[in-house]
Amino acid sequence: MFPPATVARARRADDLSGMSTNVRIVRLRVNGDLHEVGVPAHFTLLETLRYRLGLTGSKQGCDKGDCGACTVIMDGVATLSCLTPVWEAEGRDVVTVEGLAEPDAPHPLQDAFDRYGAAQCGFCTPGILCSAAALLAAERRPSRERIREALAGNLCRCTGYTKIYEAVEAAAAVLAEEAEGRPAHAPGTAGEEHDG
Ligand code: FES
Ligand code: FES
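Residues numbered from 1 in each chain as written. Chains lettered and ligands numbered in written order. Predicted model: local features only at pLDDT ≥ 70, side-chain atom pairs only at ≥ 80, totals over all residues.

1. Re the overall build of the chain
Scanning the chain from terminus to terminus reveals 6 helices and 5 strands. Reading the helices (α) and strands (β) of the chain from amino to carboxyl end gives α-β-β-α-β-β-β-α-α-α-α. Of all 196 residues assigned to the chain, the portion counted as buried reaches 38%. (Helix = DSSP H or I, 4+ residues; strand = E, 2+ residues; numbered from the N terminus. Buried ≥ 20, exposed ≤ 12 C-beta atoms within 10 Å, placed from the backbone.)

Structural data, given as structure tokens:
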């Protein structure tokens, strides 16, 4: 009798070499692009993104809902893709970290994370960016407490969170000013330099 972890690894190896027989065709809209792809019937959204669509920005951390590294945005809601069976994403709008930026400019969150030093090893960053982007799409000027709540499921071992919260607040200010029709002023770039 093999231990469960050995069986899981063997199953994953079969899946990835295309030997699985129980294949299902799914239709997904990811970052605005439509995909029709064959996947093992048990695949999660995360496995499909990474191993079928080549979108490796969403990270496979714990693979059981504890770390938030796999967070994507589904129909506007931050969603753990490691816990989402891929068929649940059919007919939904999925956005991954690869879809946050405009073709010619980073998302204000990405810019702020860079300016505030909010990413260190970066493993948690794609999931945190997606959670924060979903929050800022729903709330124009969230309080520090709301930001804390929205990111509560995203674990970071490096930053201590303060720089992350500051970066989200800075991005919120930029987005709010854009939405209010005022020239975007990014805290930390115009007479308010952040010391990192
Ligand atoms: S990989 Fe999904 S929560 Fe950790
Ligand atoms: S930057 Fe390393 S885990 Fe968050």
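2. Description of the nonpolar core
Inside soluble globular proteins, nonpolar side chains tend to come together where they are buried. Core analysis: the biggest nonpolar cluster contains 50 residues, and Leu129, Ala132, Ala133, Ala167 and Ala171 have the highest contact counts within it. Both domains that furnish three or more residues to this core are identified here as domain 1 (15-96) and domain 2 (108-179). When sequence neighbours within four positions are dropped, the list of residues in contact with alanine 171 reads Pro108, Leu109, Ala112 and Leu136. (Core = buried A, V, L, I, M, F, W, Y, C linked by C-beta atoms within 7 Å. Domains from an automatic or database assignment. Contact = placed C-beta atoms within 7 Å.)

3. Here we look at the sheet that holds strand β4 (residues 77-80)
Sheet strands associate in pairs through backbone hydrogen bonding, adopting either a parallel or an antiparallel arrangement. Strand order in the open sheet formed by 5 strands is β2-β1-β5-β3-β4, and the pairing between neighbours is mixed. The outermost strands of the open sheet, each flanked by one partner alone, are β2 (33-40) and β4. On average, adjacent strands in this sheet sit at an angle of 45° to one another, irrespective of strand direction. In terms of strand pairing, strand β3 (residues 71-74) meets strand β5 (residues 93-95) through 2 bridges, oriented antiparallel. Looking across to β5, one finds that methionine 74 is bridged to valine 94. With respect to the sheet, helix α4 (residues 125-138) is in contact with β3 and β4, its orientation differing from that of β3 by roughly 30°. (Pairing = 2+ DSSP bridges. Axes fitted to C-alpha atoms, helices over the stretch in contact; angles between N-to-C directions.)

4. Looking at the environment of leucine 129
Here leucine 129 lies in helix α4. The sequence separation of leucine 129 and leucine 151 amounts to 22 residues, and the corresponding C-alpha distance is 9.4 Å.

5. A look at the pairing of β3
Residue alternation in β3 divides its side chains into two sets, Thr71 and Ile73 and Val72 and Met74, and both sets are buried. Of the pairings in the sheet, the one linking β3 to β4 comprises 4 bridges and is antiparallel in character. From the neighbouring strand, threonine 71 faces β4, where its bridge partner is leucine 80. As consecutive antiparallel partners, β3 and β4 are separated by 2 residues, and within that stretch aspartate 75 has a phi angle of approximately 50°, a positive value.

6. Brief notes about the packing of helix α3 (residues 108-116) against α4
Between α3 and α4, whose axes approach to 10 Å, the crossing angle comes to 130°. Here α3 lies oblique to α4, going by the angle between them. Crossing of α3 against α4: the hand is right-handed. Contact with α3, carried on its side by Leu109, Gln110 and Phe113, involves Thr125, Leu129, Ala132 and Ala133 of α4 and no other residues of that element. Taken together, the residues that form the contact of α3 with α4 break down as 5 nonpolar, 2 polar and no charged. (Parallel < 35°, antiparallel > 145°, perpendicular 65-115°, else oblique. Left-handed = near helix turned anticlockwise from the far one by under 90°. Nonpolar A, V, L, I, M, F, W, Y, C, P; charged D, E, K, R; others polar.)

7. Thoughts on helix α6 (residues 162-179)
Relative to the 26 Å expected for 18 residues at 1.5 Å per residue, α6 spans 26 Å between its end C-alpha atoms, a close match to the ideal helical length. Buried residues of α6: Lys163, Ile164, Glu166, Ala167, Val168, Ala170, Ala171, Ala172, Val174 and Leu175, and no others. In this structure, the buried residues of α6 make contact with α3, α4 and α5 (144-150). Phi for glycine 181, located one or two positions after α6, is positive at around 80°. (Expected span 1.5 Å × (residues − 1).)

8. Notes on α3
For α3, the tally of buried residues reaches 7 of 9 residues, placing the bulk of the element in the interior. Taken residue by residue, α3 has Pro108, Leu109, Gln110, Ala112, Phe113, Arg115 and Tyr116 as its buried positions. Residues of α3 that are buried make contact with α4 and α6. Positive backbone phi, at 65°, marks glycine 117, one or two positions downstream of α3.

9. Digging into the pairing of β2
In terms of strand pairing, strand β1 (residues 23-30) meets β2 through 8 bridges, oriented antiparallel. Paired with arginine 27 across the strands is glutamate 36, a residue of β2. Once β1 ends, the chain turns through 2 residues before running back antiparallel as β2, passing asparagine 31 with a positive phi of about 50°.

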